[in-house]
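# Report on the structure
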Amino acid sequence: MHILLNGQATETRAATLTALLNEQQIDSSCVACAMNGDFVPRGLYDATPIHEGSKIEVLSPMQGG
């Protein structure tokens, strides 16, 4: 299916947010995710289905000042 991942058109076979992060080799323990503009708690990644056209943002913490 086709989704937008961090603004980039991406083809995926993943059915859940966890599967997508694994497929993209993203460590789910150190990122925050939003789907279609809504924050997804880390504990719900396994239960969050991905659908055609989903817009997913994956954010990593940054340090600075």
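It is worth spelling out the overall build of the protein at this point. Of regular secondary structure, the protein possesses one helix and five strands. From first element to last, N terminus to C terminus, the protein shows the α and β order β-β-α-β-β-β. Over its C-alpha atoms the protein spans a radius of gyration of 11 Å, differing by no more than 12% from the 11 Å that the globule rule assigns to 65 residues. Dimensions of the protein along its principal axes, counting C-alpha atoms only, are 40 × 25 × 20 Å. Within the protein, buried positions represent 29% of all 65 residues. By sequence separation, contacts in the protein at least 24 residues apart represent 51% of the contacts at least 6 residues apart.

Our next topic: the sheet that holds strand β1 (residues 2-5). Reading across the sheet, the five strands line up as β2-β1-β5-β3-β4 and stay open at both edges, with mixed pairing between neighbours. Single-partner strands in this sheet number two, and they are β2 (8-11) and β4 (38-40). For this sheet, the mean angle separating the axes of adjacent strands, direction not counted, is 35°. The pairing of strand β3 (residues 32-35) with β4 spans three bridges and is classified as antiparallel. Across the sheet, cysteine 33 pairs through a bridge with valine 40, a residue of β4.

Within the fold, asparagine 36 resides in the loop between β3 and β4. Classification of asparagine 36 by relative accessible area gives partly exposed; the value is 48%. For the pair formed by asparagine 36 and glutamate 57, sequence separation is 21 residues and the distance between their alpha carbons is 8.3 Å. Apart from the residues lying within four places of it in its own chain, the contact partners of asparagine 36 are Gly53, Ser54 and Lys55.

Along the chain, the position of serine 54 falls in the loop between β4 and β5 (55-59). For serine 54, the side chain forms a polar contact with the main-chain oxygen of histidine 51, separated by 2.8 Å. Excluding residues within four positions of it along the chain, serine 54 makes contact with His2, Ile3, Leu4, Met35 and Asn36.

For the rest of this paragraph, the subject is the environment of histidine 2. Along the chain, the position of histidine 2 falls in strand β1. Sequence-wise, histidine 2 and alanine 14 are twelve residues apart; in three dimensions their C-alpha atoms are separated by 10 Å.

Pairing of β1 with β2 involves four bridges; the strand directions are antiparallel. Along β2, the bridge assignment pairs leucine 4 with alanine 9. In this structure, the hairpin formed by β1 and β2 is closed by a connection of two residues, where asparagine 6 is found at a positive phi of approximately 50°.

Conventions used here
- Along each chain, residues carry numbers from 1 onward, in the same order as the chain's sequence is written.
- A pLDDT threshold of at least 70 governs which residues receive local features in this predicted model, and a stricter bar of 80 or more applies before side-chain atom pairs are shown or counted, although totals over entire chains, interfaces and linings include all residues.
- Remark: hydrogens and water are excluded; side-chain values derive from all non-hydrogen atoms of the structure.
- Secondary structure elements are taken from DSSP: a helix is a run of H or I of four residues or more, a strand is a run of E of two residues or more, and numbering for both begins at the N terminus.
- With the radius of gyration taken over C-alpha atoms, the globule rule is written as 2.2 Å times the number of residues to the power 0.38.
- Partly exposed describes any residue whose relative accessible area lies between the buried limit of under 20% and the exposed limit of over 50%, with all areas from a 1.4 Å probe on protein chains only and scaled to the type maximum.
- Between two residues, a contact is recorded if the distance between any of their heavy atoms is within 4.5 Å.
- Should DSSP find at least two bridges between two strands, the strands are taken to pair.
- Between N-to-C directions, angles span 0 to 180 degrees; the directions come from axes that are lines fitted to C-alpha atoms, helices contributing only their stretch in contact.
- Think of a polar contact as two N or O atoms within 3.5 Å of one another; within protein, one of them needs to be a possible hydrogen donor and the other a possible acceptor, and neighboring residues in sequence only count if both atoms come from side chains.

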